[in-house]
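# Structural features, examined
Residues per chain are reported as follows:
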Amino acid sequence: EMLRSLVGSEMCIRDSSKFAHPIAESAGMHLALKINIKDDIALSRLFKEAGFGSTPLSSYYLFEPQMRGLVLGFANTSEQDRERGIATLKKIIESP
């Protein structure tokens, strides 16, 4: 339910579930996404360069194995902002 309200459209939800999976759906005003990538720090940097904020999920771990992904805040965002953010994230992840 939280992912549905965060993303805002069925198509984005369906598409985003192929590349990212929510870790917990009751995380307040943040969404933690597990993403199957090697470098979530670089992903967070690219996402920031595209105009969106995030925190690498691996930064929350002190020891290996670390889960990779992003923590996204969605307070003070519109549905359009969230949809654009998820679409941008998807493009970054799928780019070679």
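Below is a short write-up of the structure.

What counts, and where the lines are drawn
- Residues numbered from 1 in each chain as written.
- Predicted model: local features only at pLDDT ≥ 70, side-chain atom pairs only at ≥ 80, totals over all residues.
- Heavy atoms only, no water.
- Helix = DSSP H or I, 4+ residues; strand = E, 2+ residues; numbered from the N terminus.
- Buried < 20%, exposed > 50% of the residue type's maximum accessible area, 1.4 Å probe, protein only.
- Salt bridge = Lys/Arg side-chain N within 4 Å of Asp/Glu carboxyl O.

Now for the environment of Leu-70. For Leu-70, the position within the fold is in strand β4 (residues 69-73). Assessed through its relative accessible area of 0%, Leu-70 is described here as buried. Taking C-alpha positions, Leu-70 is 5.3 Å from Leu-33, a pair spaced 37 residues apart along the chain.

What follows is about unusual backbone geometry. Negative phi values dominate among residues other than glycine, just as trans dominates among peptide bonds. A cis amide bond links Glu-64 to the next residue, Pro-65, at an omega of -5 degrees. Within the secondary structure, Pro-65 is located in the loop between β3 (55-56) and β4. For Asn-76, which is not a glycine, the phi torsion comes out positive at approximately 60 degrees. Along the polypeptide, Asn-76 turns up in the loop between β4 and α4 (79-94). In this structure Asn-76 comes out as exposed when scored by relative accessible area, which is 81%.

Another point: the pattern of salt bridges. Taken as a whole and judged by the stated rule, the model has 3 salt bridges. When the shortest N-O distance is used, the salt bridge between Glu-49 and Arg-45 registers 3.3 Å. With Glu-49 and Arg-45 both in helix α3 (residues 40-49), this residue pair falls 4 residues apart, about one helical turn. Given a relative accessible area of 57%, Glu-49 falls into the exposed group. Arg-45 gets classed as partly exposed once you look at its relative accessible area, which sits at 45%. Across the pair Lys-90 and Glu-94 runs a salt bridge whose closest N-O atoms are separated by 3.1 Å. Taken together, the residues Lys-90 and Glu-94, both in helix α4 and 4 residues apart, mark about one turn of the helix.

So, to be careful, I would describe these as geometric facts and stop short of saying anything about function.
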